[in-house]
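Listed below, chain by chain, are the residues.
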Amino acid sequence: MGDDSEWMKLPVDQKCEHKLWKARLSGYEEALKIFQKIRDEKSPEWSKFLGLIKKFVTDSNAVVQLKGLEAALVYVENAHVAGKTTGEVVSGVVSKVFNQPKAKAKELGIEICLMYIEIEKGEAVQEELLKGLDNKNPKIIVACVETLRKALSEFGSKIILLKPIIKVLPKLFESRDKAVREEAKLIAVEIYRWIRDALRPPLQNINSVQLKELEEEWVRLPTGAPKPTRFLRSQQELEAKLEQQQCAGGDAEGGGDDGDEVPQIDAYELLEAAEILSKLPKDFYDKIEAKKWQERKEALEAVEVLVKNPKLEAGDYADLVKALKKVVGKDTNVMLVALAAKCLTGLAVGLRKKFGQYAGHVVPTILEKFKEKKPQVVQALQEAIDAIFLTTTLQNISEDVLAVMDNKNPTIKQQTSLFIARSFRHCTATTLPKSLLKPFCAALLKHINDSAPEVRDAAFEALGTALKVVGEKAVNPFLVDVDKLKLDRIKECSEKVELVHGKKAGLSAEKKDFKPVPGRAASSGASGDKDTKDNSVPKPGPLKKAPATKAGGPPKKGKPSAPGGTGSAGTKNKRGLEAKEIVEPELSIEVCEEKASAVLPATCIQLLDSSNWKERLACMEEFQKAVELMDRTEMPCQALVRMLAKKPGWKETNFQVMQMKLHIVALIAQKGNFSKTSAQIVLDGLVDKIGDVKCGNNAKEAMTAIAEACMLPWTAEQVMSMAFSQKNPKNQSETLNWLSNAIKEFGFSGLNVKAFISNVKTALAATNPAVRTSAITLLGVMYLYVGPSLRMFFEDEKPALLSQIDAEFEKMQGQSPPAPTRGISKHSTSGTDEGDDGDEPDDGGSDVVDLLPRTEISDKITSELVSKIGDKNWKIRKEGLDEVAGIINEAKFIQPNIGELPTALKGRLNDSNKILVQQTLTILQQLAVAMGPNIKQHVKNLGIPILTVLGDSKNNVRAAALATVNAWAEQTGMKEWLEGEDLSEELKKENPFLRQELLGWLAEKLPTLRSTPTDLILCVPHLYSCLEDRNGDVRKKAQDALPFFMMHLGYEKMAKATGKLKPTSKDQVLAMLEKAKANMPAKPAAPAKATSKPVGGSAPARFQPTSASVEDSVSSTVEPKPDPKKAKALGVSSKVKSAPGKKVPSKTSLKEDEDKSGPIFIVVPNGKEQRMKDEKGLKVLKWNFTTPRDEYIEQLKTQMSSCVAKWLQDEMFHSDFQHHNKALAVMVDHLESEKEGVIGCLDLILKWLTLRFFDTNTSVLMKALEYLKLLFTLLSDEEYHLTENEASSFIPYLILKVGEPKDVIRKDVRAILNRMCLVYPASKMFPFIMEGTKSKNSKQRAECLEELGCLVESYGMNVCQPTPGKALKEIAIHIGDRDNAVRNAALNTIVTVYNVHGDQVFKLIGTLSEKDMSMLEERIKRSAKRPSAAPVKQVEEKPQRTQNMSSSASMLRKGPAEDMSSKLNQARSLSGHPEAAQTVRREFQLDLDEIENDNGTVRCEMPELVQHKLDDIFEPVLIPEPKIRAVSPHFDDMHSNTASTINFIISQVASGDINTSIQALTQIDEVLRQEDKAEAMSGHIDQFLIATFMQLRLIYNTHMADEKLEKDEIIKLYSCIIGNMISLFQIESLAREASTGVLKDLMHGLITLMLDSRVEDLEEGQQVIRSVNLLVVKVLEKSDQTNILSALLVLLQDSLLTTANSPKFSELVMKCLWRMVRLLPDTINSINLDRILLDIHIFMKVFPKEKLKQCKSEFPIRTLKTLLHTLCKLKGPKILDHLTMIDNKNESELEAHLCRMMKHSMDQMGSKSDKETEKGASRIDEKSSKAKVNDFLAEIFKKIGSKENTKEGLAELYEYKKKYSDADIEPFLKNSSQFFQSYVERGLRVIEMEREGKGRIPTAAGNTNGEEVGPSVYLERLKILRQRCGLDNTKQDDRPPLTSLLSKPAVPTVASSTDMLHSKLSQLRESREQHQHSDLDSNQTHSSGTMTTSSSSTANIDDLKKRLERIKSSRK
């Protein structure tokens, strides 16, 4: 019992998990009670049990388990979190409950499963239950099947997916266990109840007895549709509603459930696809060709068996179809024809849509085979073609069918008509548009007049079917000329037709519309008709628009009703009347006279042919009055024009009479019902008079009126043929002019291009220039409508003529066709008619392509050519492809029938030879253009294989494939591509290239579509798998495409499709869907189509906003959609700007006003970064060109389309410069208001502006520069930093403009360059401008040199890149330029440098010719009077220039705040450059010695300067804290600026506090490890490395000695530092930024660390040293090879000079050098040999051979020799050309050594003994001279030691040292005291400063060895003190040992990097360590001898004060 009491105290949830069954039972009971009590489904109590529910159901104790199941059921029913447990609980139920013997347990288990389904977890439950069917225990299987059956019975087939269940049914029927078979039978009956006969095919193979039993059960089932009895939670309201209805009375049937009817399941979907291609007999293709019919029959029978499978797997059936087609078409044995037809039927039925691609090949063959009379053959062919029709669309095969309609064989005609009739039954009003109906009706109308009755009957049936499908209104216009009997017959057939889709409601209403049309000839009947058709019922069908009311309502198109129309006659159904023109029989002259006399005065008729012109004139006047008063219905038009044509008719000689006559013709045409018959009478006369000077205009008016009455296309054709059948050139040219004008007025709708082209060609060949000019003008107008394809007709014209045509086309480019102003009122359709009108463009100019004459090329595609293309030898394949390309090129436009070509080309798309693949793609592009829209029928068999090529691994092949697909899609539209499963099959392939390209393509195309086929949903599962693809690019593209899929499919469908994903994936995808839902663009609105093709039919009429407001005109055309979407579709903010490639005419005034209100730049998150990545990854062209090519402009256009407002983009890329000005004006206006947008698109804006630099128009250029000035001002205010990408794609082009001839432009460009320095480091600008000095344009060279001078003046020598020496050498070259301005600029620039830098300039510029040198010296003399004043002026004159200075100096500046921050930025952005240490502000670099010596130079400025600066110099020393605080606000201000943040973190790396340092290192490591962020470190590498080795030195000197410090922390810090370094040196681009000095110190620090025995003794010390080893290797391999080699040489030199260093140190340095030597063969080309040889020269100078030989080890000399030997071996004699940087080659033995080596390698035979004697001789000389030298030096040192002569001694030593730079004075100093050594050293420095008057002392490499340098902290403080005192901040902190100072080479060696440490770092350090101030003072004595002591620094200050006082007094 004790145990009991233990568990009873436990809480419920713990009881449930207890090991005692009693405890668990108690727990489950309590839990059940708790669950029943909780009322709130969201109570937190539920969550406690979330993990336990599985245990409830899987309990091992049967009794306890029962209770657990009860509790679990209640939990699932009530807890909102229950869904999370579905998988585990149901799987537990299946495995542990369904096998229980107790029935109660099983029942509860089933209930739990059903409850999960009720809470919307059906799919998961079903999945677990289906898994249970694989269990070995039949009990479990039975229970699972029973559960599924109950679920289906209760919830219905909408919730329970039947396909997976049906899949396993046959297996269940085969089970050995009877219970399983019985249960299977029950579920089969249940499934049959829901889907009826769709279940039969999948079960056809089960045991016949079982099938029979099933059949019996099925028959007993009630016939009514089943209804679910249980509902999901979300549907429970529906359930309640249903119950109410049942209570109310038995109305439940019809009422509530309409919406929820059971989905019709297609049996096909439930079937397993069979793979048959592999099962074909091996010899099938041979047998099918066999001569014996029996063999052929065998082959076909084998296929017939295979294709009986009801569902076939997709595959390449091309060859099989081809073989069967051949049998159908050519086999003589009709039995085999029937058999082959059956096989085709089987294939079509089994493959369904997948067979569509072959339909085009087979249909013509089958139709032509209908000539066979045998019923069984005909029946087989009928079945085949009907099956094939279902796999494709009528549109796709229409060409083939129509072609067969003209066949002479009546049976073929009959069967084709019957096939059309059967096809129509499957169509609906939408799938049978007018464009398709029109050609079919035309062909069928011919057949109803056929002589063969069976042909007529078939045609009647087809027309009747069409009438039934689309309604009479749509068919009426085509039946205009059909007589009443035939019309009745058609109607009769129509009534008998049974449609497949059931009849559309509302068609009966249309019967009223149907009026017999014949008898219209009587013109009086016309208006009568119209009146009867007033208020007809609105047109049924898909467009749910309100009918346009009669004349009372506002006219939909904003057009007045027809002129002359009676008020009561609405425009309602005028189309019925007008679309068929007024047909009128020709009347005899007598009838005409009779009719005319009824309406005209008698006198008028008598005087018509009077000989007196005045009488004729009077007669015409009366005639005119009479016509004006006549009513339209009463006007006998034909009679009147006949009277006018009566003698003298059109030969009238008097121009007044003639003018009147022509005017009357125009009146009659306008006022009467004018027919073509009447027109024929007058046109000839009109054409004859059109060229007449006096009557021409009247003739044109009359023609225009006739065109309005009889439609322009017909009139134009007549007029043109008449004009060109006569010889008068004036008439011809005027006719062409009239036509040009008429096209503009009437639009291009319906014009027959073909008819004109021949006439235009005739006109172009005319001798008369006026005719040619008119023809070219006409072509220009046609070009507006037809587009570039028009040119193809004229390619064979003479070049001169072609260039005129091109010029005309050029003029028209960018213009949009004007909206038609005439012809609309009569021929437009009303609002309700719009259904037909949607496809109107097909008779208009948009499909001009259809009017082009097409060539039949199928006869050229011979079987030889096809076999060539498939040949094994690639060369022959290439020949075949070349031939095809030739055929297509020659034909230009081709007919869709291209024989076997598609199959042949398809094979080449996966050719192993990529060149052939590309060639095939090119041919397919040509094919698309040549075939035009007819290429549609080849999409499935050729288009889809092109998509497969998008998966190619080669970039260029993919690009070609994409271009081809786009070329095809342009012709076909997207519908064909998206239909069927082909696209989803492609997307299914797990090829990352294919996926990313295909998704990218879809993302581009989908937004442009208004609707998509339902098959798009098939792609969604694969889209989801792409969202989780391993490849990042695929994921990115899938995310981009997601919103566009959603735009078409809707969120619900997409979300539902996630059901099949794994739970984790599902959550991720749903999150993405939510995100995409927010970004989902609206579908493009309907007008887009009409707008893009303004020529189509009457489409442009819709855009006439004359009477309708903008809103109305939009709303009347946009498809009805929910309002928000519509608004979004029109708003500019919508993401999809406009479909790329859809040209919206700029002049449609639609949306114009609201369009421009939105933002002009759209902020696309990460858009700029992505563009940079693309450019880096070479996905797009790099912005680099001499003149911009089209592809650059197109690329920029594409990139802009997502982030620039569409209308602005149109302006920006317009061909007219005025639009560019407009665009710039808009950009200026929006600059302030859209800062974010401007910065987001900055790279694109700058690129676009570079394009403007290439324009010739000055106004655009000025405007662009104006904008740039404002832009860079804004950017600097925003503290923006230009990225490298932006700079490199803009600055070079801006610099081109600095050479413009116009002053004003040059001035602007210079101003912009100045402003740019605020947003882009001057040092980076420098190389760009330097590049500009190489231009051929002398103005540009001069200006660039000037600009370089300004940069140096403002920023000091640091800006000179790559090194001051190189830069100055390049500038100096220009002193010898032939242009005076350039010479002056070069001289001025060097003088500027001289003013900043003194005599060192001469060393830097290298050797100049005497002439150049003298010019330079002369110029320097002239400017020498004012060197130190310049800088002060500089600062005042050029406030916009930024000083490059350390932040400590910047703090002393009392300038305005903004100035401050920009300067600080500049200092930071330049901080990575080695020269930065020298950039003390010039005000503080007082050359005190010079001032003392020369009192007269700067008198006026000095006092002010000194006064101003003196206090500042001392303040910070006394009060350091505020200074530090002053820095930090700047960091805060600029936190947005990455550079400053990094500077701040780097400054913390050198912190004395270990934790601070580690934190800073961790942050930097994070940056370095992320590829995309690592770039931010660029420019900060030196700074970071300096901080790092400062920290290494601090650890070595301070931390390691500190006993209080935990050594673990030090190890941790070491590993952080080393880890960071390894990360850094793995990124090659960053590693290369490290400069020589820094690398030297870094290597020094690392080697010191490797040799530190204290580290080795630590626990993890060995690991640290191993890491350092690895790091050193990385540094050697990844750094800039020149810099690291140079650093190692200098380090070796230092280590050998310093006695304190252990020999091990030098040895390690040499090992590094050997490693470098091993790398040399690979790296030699990237090394700057001149620099390396200079370093070796200096080394050999400091260590002549003898000195090296004195070394204890022979390694140094061997190392040097090996290095030189390797260099010689690699470079050969050329090595001697690399000694350019060595001034005096005799100072070392380098040259001689190299020559010896070269000689040795050239001449192996030279005697060794000679060489040895030479060596011996030289040795003796050296020894004798050495003795003299020693005596001389001893003398000098004596003088220095004596008090009186000390100065003289120092001077002599200095002179001697200068003369003999290689003399060794080490022995004389060795024995002296430390103080004496310092004294000598300081004395030599003072002399050097006095002699050379320099502010700086170039020194040898600083000695930075850890052992000799005292506490680095102290060093830093000293450095700052020096700087504050205005002393030059040269390498005071690391003085070299005296020896190295005395052996100072003429050329300065590498500056130690410590000098370059920014004072920012030291300030931060100082503030941190200020509190140690006193300790440090007491510790000063510990600093080594090479250090200057604190007292000397105070002495320095005192000294400085005295000197300043001295200067002041001397000035007074």
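### So, the overall build of the protein
Stage number 1. Each helix and strand counted, the protein has 105 helices and zero strands in total.
Stage number 2. For the protein, the residues scored as buried account for 54% of the 2012 residues in total.
Stage number 3. Within the protein, counting contacts between residues at least 6 apart in sequence, those at least 24 apart form 76% of the total.
Stage number 4. Within the structure as shown, the protein displays about 90000 Å² of accessible surface, and the carbon and sulfur contribution to it stands at 52%.

### A few points about helix H11 (residues 178-195)
Stage number 1. With 18 residues, H11 ought to run about 26 Å at 1.5 Å a step, and its terminal C-alpha atoms sit 26 Å apart, in line with that.
Stage number 2. In terms of burial, H11 is largely enclosed, as 13 of its 18 residues are buried.

### Topic: the packing of aromatic side chains
The way to describe two aromatic rings as a pair is by their centre distance and the angle between their planes.
Stage number 1. Overall, the coordinates contain 25 aromatic pairs when judged by the stated rule.
Stage number 2. Note on Phe284 and Tyr285: the rings are 5.1 Å apart at their centroids and 75 degrees apart in plane angle, and the pair reads as edge-to-face.
Stage number 3. A relative accessible area of 36% places Tyr285 in the partly exposed class.
Stage number 4. Three or more aromatic residues link up through ring pairs in this structure, and these residues are Tyr28, Phe35, Trp46, Phe49, Phe56 and Tyr75.
Stage number 5. Over the ring of Tyr1596 we find Arg1654; its NZ or CZ atom is 4.9 Å from the centre of that ring.

### Some words on the environment of Asn1669
Stage number 1. Considering the arrangement of structural elements, one finds Asn1669 in helix H90 (residues 1661-1678).
Stage number 2. By relative accessible area, which is 41% here, Asn1669 ends up partly exposed.
Stage number 3. Asn1669 sits 19 residues away from Met1650 along the chain, and the two C-alpha atoms are 7.7 Å apart.

### Notes on unusual backbone geometry
Stage number 1. Of note, the amide linkage connecting Gln1361 to Pro1362 takes the cis form, showing an omega dihedral of -5 degrees.
Stage number 2. Tracing the backbone through its elements, the reader meets Pro1362 in the loop between helix H71 (1338-1355) and helix H72 (1364-1373).
Stage number 3. You will see that Met711, though not glycine, has its phi angle at about 75 degrees, which is positive.
Stage number 4. Tracing the chain through its elements places Met711 in the loop between helix H35 (696-710) and helix H36 (712-725).
Stage number 5. Of the residues examined, Met711 reaches a relative accessible area of 27% and is grouped as partly exposed.

### Observations concerning the packing of helix H47 (residues 914-931) against helix H49 (residues 955-972)
Stage number 1. Contact pair H47 / H49: the axes reach a minimum separation of 9 Å and the direction vectors enclose 15 degrees. By the angle class used here, H47 and H49 are roughly parallel. Judged by the sense of rotation from one axis to the other, the crossing of H47 with H49 is left-handed. Mapping the contact onto sequence places Lys914, Val917, Gln918, Leu921, Leu924, Gln925, Ala928 and Val929 in H47 and Asn956, Val957, Ala960, Ala961, Ala963, Thr964, Ala967, Trp968 and Gln971 in H49.
Stage number 2. Class assignment for the residues of the contact of H47 with H49 results in eleven nonpolar, five polar and one charged.

### Re the side chain of Arg1419
Stage number 1. Take Arg1419: it is sitting in helix H75 (residues 1410-1423).
Stage number 2. Buried charge without a salt bridge: Arg1419, with Glu1418 as the nearest opposite-charge side chain at an N-O distance of 7.6 Å.
Stage number 3. Each residue touching Arg1419, except ones within four places of it in the same chain, is listed here: Asn1384, Leu1387, Asn1388 and Val1391.

### Thoughts on the environment of His1374
Stage number 1. Note that His1374 resides in the loop between H72 and helix H73 (1380-1397).
Stage number 2. Residue His1374 is classed as buried on the basis of its relative accessible area of 12%.
Stage number 3. With residues up to four places along the chain from it excluded, the contact list for His1374 reads Thr1333, Arg1341, Leu1345, Val1382, Arg1383 and Ala1386.

### Looking at the confidence of the model for the protein
Stage number 1. Looking at the protein as a whole, its pLDDT mean stands at 75, while 76% of the residues score no less than 70.
Stage number 2. Contacts for the low-pLDDT stretch residues 250-262, under 50 throughout, to residues beyond four places or in other chains number 15 contacts.
Stage number 3. Every residue in residues 1427-1483 scores below 50 in pLDDT, and together they form 132 contacts with partners more than four places removed in sequence or on other chains.

### Some thoughts on the environment of Phe1625
Stage number 1. Among the secondary structure elements, Phe1625 is positioned in helix H86 (residues 1607-1626).
Stage number 2. A residue is classified by how much of its surface remains accessible, and Phe1625, at 0% relative accessible area, is buried.
Stage number 3. Expressed as a C-alpha distance, the spacing of Phe1625 and Val1675, which sit 50 residues apart in the sequence, is 6.1 Å.
Stage number 4. What Phe1625 contacts, discounting residues up to four positions off in sequence, is Leu1585, Ala1631, Leu1639, Leu1642, Leu1671, Lys1674, Val1675, Lys1678 and Ser1679.

### A word on the pattern of salt bridges
Should their charged atoms come close, side chains of opposite charge can pair.
Stage number 1. Summed over all chains, the structure comprises 73 salt bridges.
Stage number 2. Residues Lys868 and Glu879 are paired through a salt bridge, measuring 3.7 Å at the closest nitrogen-oxygen approach. Here Glu879 lies in helix H45 (residues 874-891) and Lys868 lies in helix H44 (residues 863-869), a separation of eleven residues in the sequence.
Stage number 3. Of the residues examined, Glu879 reaches a relative accessible area of 42% and is grouped as partly exposed.
Stage number 4. Among the salt bridges present, the one from Glu1175 reaches Lys1247, with a minimum N-O distance of 2.9 Å.

### Here we look at the packing of helix H48 (residues 939-949) against H49
The description of two helices packed together rests on the angle between their axes and the distance between the axes.
Stage number 1. Between H48 and H49, the least distance of the axes is 8 Å, while the angle of their chain directions is 150 degrees. It follows that H48 is roughly antiparallel to H49 by the angle criterion. Our pair here, H48 against H49, has a crossing hand that is left-handed. Side by side, H48 and H49 meet where Val939, Leu942, Gly943, Ile946, Leu947 and Val949 of the first sit next to Val957, Arg958, Ala961, Thr964, Val965, Trp968 and Thr972 of the second.
Stage number 2. Of the residues assigned to the contact of H48 with H49, the class counts are nine nonpolar, three polar and one charged.

### A closer look at a negative patch on the surface
Stage number 1. A cluster of acidic residues, Asp1553, Glu1606, Asp1608, Glu1609, Glu1659 and Glu1660, forms a negative patch on the protein surface.
Stage number 2. Among the secondary structure elements, Glu1609 is positioned in helix H86.
Stage number 3. Note on Glu1609: relative accessible area 31%, which makes it partly exposed.

### A word on the nonpolar core
Stage number 1. Phe1625 and Ile1736 are the most contacted members of the largest nonpolar core, which totals 97 residues.
Stage number 2. One finds Ala626, Leu640, Leu779 and Met782 within the second-largest nonpolar core, a separate group that totals 92 residues.

### Brief notes about the side chain of Gln718
Stage number 1. Mapped onto the fold, Gln718 is located in helix H36.
Stage number 2. Once you skip the residues sitting within four places of it in the chain, Gln718 turns out to touch Gln680 and Leu683.

Parameters and conventions
Residues numbered from 1 in each chain as written. Predicted model: local features only at pLDDT ≥ 70, side-chain atom pairs only at ≥ 80, totals over all residues. Heavy atoms only, no water. Helix = DSSP H or I, 4+ residues; strand = E, 2+ residues; numbered from the N terminus. Buried < 20%, exposed > 50% of the residue type's maximum accessible area, 1.4 Å probe, protein only. Contact = heavy atoms within 4.5 Å. Areas by Shrake-Rupley, 256 points an atom, 1.4 Å probe, with all protein chains shown as cover. Expected span 1.5 Å × (residues − 1). Phe/Tyr/Trp six-rings, centres within 6.5 Å; stacked < 30°, edge-to-face > 60°. Lys NZ or Arg CZ within 6 Å of the ring centre and 35° of its normal. Axes fitted to C-alpha atoms, helices over the stretch in contact; angles between N-to-C directions. Parallel < 35°, antiparallel > 145°, perpendicular 65-115°, else oblique. Left-handed = near helix turned anticlockwise from the far one by under 90°. Nonpolar A, V, L, I, M, F, W, Y, C, P; charged D, E, K, R; others polar. Lys, Arg positive; Asp, Glu negative; His and termini not counted. Salt bridge = Lys/Arg side-chain N within 4 Å of Asp/Glu carboxyl O. pLDDT = per-residue confidence, 0-100. Patch = residues over 30% accessible without salt bridge, like charges linked within 9 Å, V, L, I, M, F, W, Y side chains within 5 Å. Charge placed at Lys NZ, Arg CZ, Asp CG, Glu CD. Core = buried A, V, L, I, M, F, W, Y, C linked by side-chain atoms within 4.5 Å.

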